[in-house]
Amino acid sequence: MNSAARELKILLERQHQNVLRLTAILQDERTALTSGAVPSVEAATAAKQDCLQALEHNMQIHLDWLAQSGLAADEHGIVTHLRCCDPDGQLGLESRWRKIKESLSRCREQNLLNGKIVIIHQRQTQQALAILRGGAAQDETCYSPKGHAPNGIASRTLGRV
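Residues numbered from 1 in each chain as written. Predicted model: local features only at pLDDT ≥ 70, side-chain atom pairs only at ≥ 80, totals over all residues. Heavy atoms only, no water.

(A) Looking closely at the layout of surface pockets. Looking at the largest pocket, its volume works out to about 150 Å³. The wall of the largest pocket is formed by Ala32, Leu33, Gly36, Ala37, Val38, Val41, Val118, His121 and Gln122. Of all the secondary structure elements, the ones that give two or more residues to the lining of the largest pocket are α1 (3-35), α2 (38-68) and α4 (93-132). Among the elements that take part in the lining of the largest pocket, α4 stands out by supplying three residues, more than any other. (1 Å grid on protein atoms, 1.4 Å probe; cavity = no way out; pocket = protein on both sides within 12 Å on 5 of 7 lines; lining within 4 Å. Points joined across faces, edges and corners; volume = space filled by probe spheres on them. Helix = DSSP H or I, 4+ residues; strand = E, 2+ residues; numbered from the N terminus.)

What follows is the structure in structure tokens.
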């Protein structure tokens, strides 16, 4: 086994472990979201960010190797690179790559589900705030993704002591 193939095998193994870790983190995040455990949600979010950074770092290494080999950074280029490093398939690089892609697909689905849970909680909070403000519960956005209140929603005093 040449050194390039060995390094690629190690990189793919590391990627697969990171993806499996991300899968577990997303499941923990879902549990935390459904239970309303804010510290657990924050811990899962931090762990998810760390894991995603590791995945991105390793993928960048792989993309750099593709570029050095003159291959495109797409599925065809990746598979070509895997086959060049493991022409007889004894290292199982291509099957490792398929496992990584399948696991990433499951992560994407879990992340989308977690996002839907967040949206549901956000709507419930918005409805409660609308009621507290003396208005009817409606489908209004309290804050934009940048943290700004949209036009028409002014802050109001909820009570005085």
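Read on for the rest.
(B) Quick peek at the packing of α1 against α4. Two numbers describe how α1 lies on α4: the axes approach to 9 Å, and their chain directions differ by 20 degrees. In this view, α1 runs roughly parallel relative to α4, as classed from their interaxial angle. In this structure, α1 meets α4 at a crossing whose hand is left-handed. Residues that form the contact of α1 with α4 fall into these classes: 15 nonpolar, 10 polar and six charged. (Axes fitted to C-alpha atoms, helices over the stretch in contact; angles between N-to-C directions. Parallel < 35°, antiparallel > 145°, perpendicular 65-115°, else oblique. Left-handed = near helix turned anticlockwise from the far one by under 90°. Nonpolar A, V, L, I, M, F, W, Y, C, P; charged D, E, K, R; others polar.)

(C) View of the nonpolar core. Membership of the largest hydrophobic core comes to 20 residues, with the highest contact counts inside it found for Leu8, Leu12, Leu22, Leu82, Leu93 and Trp97. Of all the elements in the fold, those that place two or more residues in this core are α1, α2, α3 (75-85) and α4. Excluding residues that lie within four positions of it along the chain, Leu22 makes contacts with Lys48, Cys51, Leu52, Leu55 and Cys107. (Core = buried A, V, L, I, M, F, W, Y, C linked by side-chain atoms within 4.5 Å. Buried < 20%, exposed > 50% of the residue type's maximum accessible area, 1.4 Å probe, protein only. Contact = heavy atoms within 4.5 Å.)

(D) Local environment of the pattern of salt bridges. This model, assessed by the stated rule, comprises four salt bridges. Where Glu13 meets Arg96, a salt bridge forms, and the shortest distance between an N and an O atom there is 3.4 Å. Here Arg96 lies in helix α4 and Glu13 lies in helix α1, a separation of 83 residues in the sequence. With a shortest N-O distance of 3.0 Å, Lys48 and Glu29 are connected by a salt bridge. In this pair, Lys48 is assigned in helix α2 and Glu29 in helix α1, connecting sequence segments 19 residues apart. (Salt bridge = Lys/Arg side-chain N within 4 Å of Asp/Glu carboxyl O.)

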